[in-house]
Amino acid sequence: MAQEDEDRRAWFRREILPLEPDLLAYARQFCRDGQTDPEDLVHETFARAIACKTWREIGNPGAFATRILRNCALDALRRRKVLTITAVADFDRIEPIDEAPTAQMMLESREELRLLAGAIAELPTQCRRVFTLRKVYSLSPEDIAVRLGLSVSTVEKHLVKGLRYCSDKLGRRIGRKSKVDEGRSWSARRDHDAKR
Amino acid sequence: MERETGSRREAVRQAAALWVVRLDDPSCSAADRAAFEAWRDDSHEHEAAYEREAAAWARLERLRALRPGMERPDRDLLAERRPSVARTPWARGMAAAAAIALVVAGTMTFDGGAAYATAIGERRVVVLSDNSRIELNTDSKVVVRYRKGVREVKLIRGEAVFEAARDARPFVIKAAHAVMEADGSTEMAVRLRSDGAAVTVKRGAVDLDPAPTERKDDLRLTAGVTAIYSSAGSRSRAVSDSEIDRALAWRQGAIALNGQSLEQAVAEFNRYNRQQIRIADPSISGLRLAGYFQTTEPNSFVSAVTSAFPVRAAAGSDGAIRLTRRVVSEKTG
């Protein structure tokens, strides 16, 4: 049983997780009216996908994941109290993606290294230092705490913060085939809406 | 309401990230692991979120490739702008060493690049249009090609020091199949070897891709690191400032030896002089030398060697200076 669970999780890691940037791009199409967060759709899609006990029978993980995402979007639409005309109109126009995303879009190592180093450089100073010592130099959290004069729990907080920043960065990295304007991200639009 | 889902998502991802960090901590206990499994069993949402953060954590392992070969960890290694390295007395002395000719005009090559070369024993400083500098050592050649969007320099022969000026365009150095991209205001030396090359970074940092055709990681070389790459692979190590200054003593017209073998020292002198030196007796090639010599004066080097070691110098039939072991009877007689 435990092995079965581990196999299922390994399948999820291998086939579904690398689709994140494409799923996110796909999810954005359902969220043009700003009522639903595309990241939430992807988050829910992952939760439903990893639950699949019959994963061995899935021949096309990309098509499988996009189908789940579409269902998640439909459910979110149904949950709404007020349906806007544009939301429904938009929804009807969205075709399943013509070419199912594949797991082969992992970044080239060089490019990925650059992306990761760039992400670390963007972290606040102390967080960046903690993260650098942990991931580049492989120091233990205890060693880092002593070196920087911090508590272990503070070191953990910095590591969590850095990891969260990087995992989102990796997840938003647009696959080569997708052409979505990254500048118009959800959070930017939401802030804009909130100000109105 | 949608905001709530967003913050709920973030809370789950935060919790997942904390588990990833904890489980990777060497001091993680069995109780921690049990608590984690209980948390993961709560929901598939937790399970999936954990896998997502764990995958990112694993991908971040790549960052270890950026670690220079230094013993002391640099917490600011990945900072946006690195604090500038203190200039050594040798670096300050460089202004005085500008006695070498400034070369501005090069030879145009057929494809629009400009070639600059030196003969044996010659040194040259080339100042490029963006104020980047190239200092060519003996018997060396570079081709400079500044195009739209990229400053490209190819080391064809020998050895050179590159000082990249700050510019919006990347400064790219090609040498023996490898491609290097230097940060603005980087000072680095590249010396071609029979296979591959040696790269030493004196100031700034450079990304070295030893085999661009292969899917291998770049090497990030920072100040105080030297790397050697060849078709067999690449390795890097930390070097002290004085070691770098000795390696670059040629910029002052000198060869600085610090425990090199006679064989290495002779090979070094032969780079700079038409008057070649040959070791005719393999039993003396392992002698260790230290000292500071003018590149253009092989004779003073030879006399230093013959006075300090049981070595005899004689003119060979090919005009070269032949070094042999001096037998004791010769010394007394």
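In what follows, the accompanying structure is described. Once a new chain begins, its residue numbering starts again from 1 and follows that chain's sequence as written. Whichever chain is written first is A, and whichever ligand is written first is 1; the rest continue in order. Residues qualify for local features only when their pLDDT is at least 70, as the model is predicted, and side-chain atom pairs are given and counted only at 80 or more; totals for whole chains, interfaces and linings, by contrast, use all residues.

Observations concerning the interface of chain A and chain B
No. 1: In this complex, chain A contributes 43 residues to the contact, which on the side of chain B involves 42 residues.
No. 2: For the side of chain A that touches chain B, the secondary structure elements donating two or more residues are α1 (2-16), α3 (38-50), α6 (109-121), α7 (125-135), α8 (141-148) and α9 (152-172) of chain A.
No. 3: Each residue belonging to the side of chain A that touches chain B can be placed in one class, and the counts come to 21 nonpolar, eight polar and 14 charged. Residue pairs qualify as contacts under a 7 Å threshold applied to their C-beta atoms, which are placed from the backbone. Secondary structure elements are defined from DSSP: runs of H or I of at least 4 residues count as helices, runs of E of at least 2 residues count as strands, and each element is numbered from the N terminus. For this classification, Asp, Glu, Lys and Arg are treated as charged, while Ala, Val, Leu, Ile, Met, Phe, Trp, Tyr, Cys and Pro are nonpolar and the rest, including Gly, are polar.

Looking at the pairing of strand β20 (residues 311-315) of chain B
Residues and elements named next belong to chain B.
No. 1: Note: two strands are recorded as paired if DSSP finds a minimum of 2 bridges between them. Across five bridges, the pairing between β20 and strand β21 (residues 321-325) is antiparallel. Within β21, the position partnered with Ala313 by the bridge is Leu323.
No. 2: Remark: five residues form the turn of the hairpin made by β20 and β21, two consecutive strands paired antiparallel; Gly319 in that turn has positive phi of roughly 90°.

Quick look at the nonpolar core
No. 1: Counting 58 residues, the largest nonpolar core has Ala27, Leu69 and Leu163 of chain A together with Val20 of chain B as its most contacted members.
No. 2: Discounting residues that sit within four places of it in the chain, Leu163 of chain A has contacts with Ala17, Val20, Val21, Glu53, Ala56 and Trp57 of chain B.
No. 3: Counting 54 residues, the second largest nonpolar core, distinct from the first, contains Val153, Ala189, Leu221 and Tyr229 of chain B. The term nonpolar core refers to a set of buried Ala, Val, Leu, Ile, Met, Phe, Trp, Tyr and Cys residues connected through C-beta atoms within 7 Å. As a rule, residues whose C-beta atom has 12 or fewer other C-beta atoms within 10 Å are exposed, those with 20 or more are buried, and those in between are partly exposed; C-beta atoms are placed from the backbone.

What about the packing of helix α2 (residues 20-28) of chain A against helix α4 (residues 61-79) of chain A?
Residue and element names in this part refer to chain A.
No. 1: Convention adopted: a line fitted to C-alpha atoms gives each axis, helices being fitted over their contacting stretch, and angles between N-to-C directions are expressed from 0 to 180 degrees. In the contact formed by α2 and α4, the axes pass within 10 Å of each other and the chain directions differ by 35°. With respect to the hand of their crossing, α2 and α4 are arranged in right-handed fashion. Here Leu23, Tyr26 and Ala27 of α2 come into contact with α4, specifically with Ala65, Thr66 and Leu69.
No. 2: Here the residues of the contact of α2 with α4 sort into five nonpolar, one polar and no charged. By convention, the crossing between two helices is left-handed when the near helix turns anticlockwise from the far helix through less than a right angle, and right-handed when the turn is clockwise.

Points about α2 of chain A
Residues and elements named next belong to chain A.
No. 1: α2 sits mainly inside the fold: nine of its nine residues count as buried.
No. 2: When α2 is considered as a whole, its buried residues turn out to be Glu20, Pro21, Asp22, Leu23, Leu24, Ala25, Tyr26, Ala27 and Arg28.
No. 3: The inward-facing, buried residues of α2 abut α3, α4 and α9.

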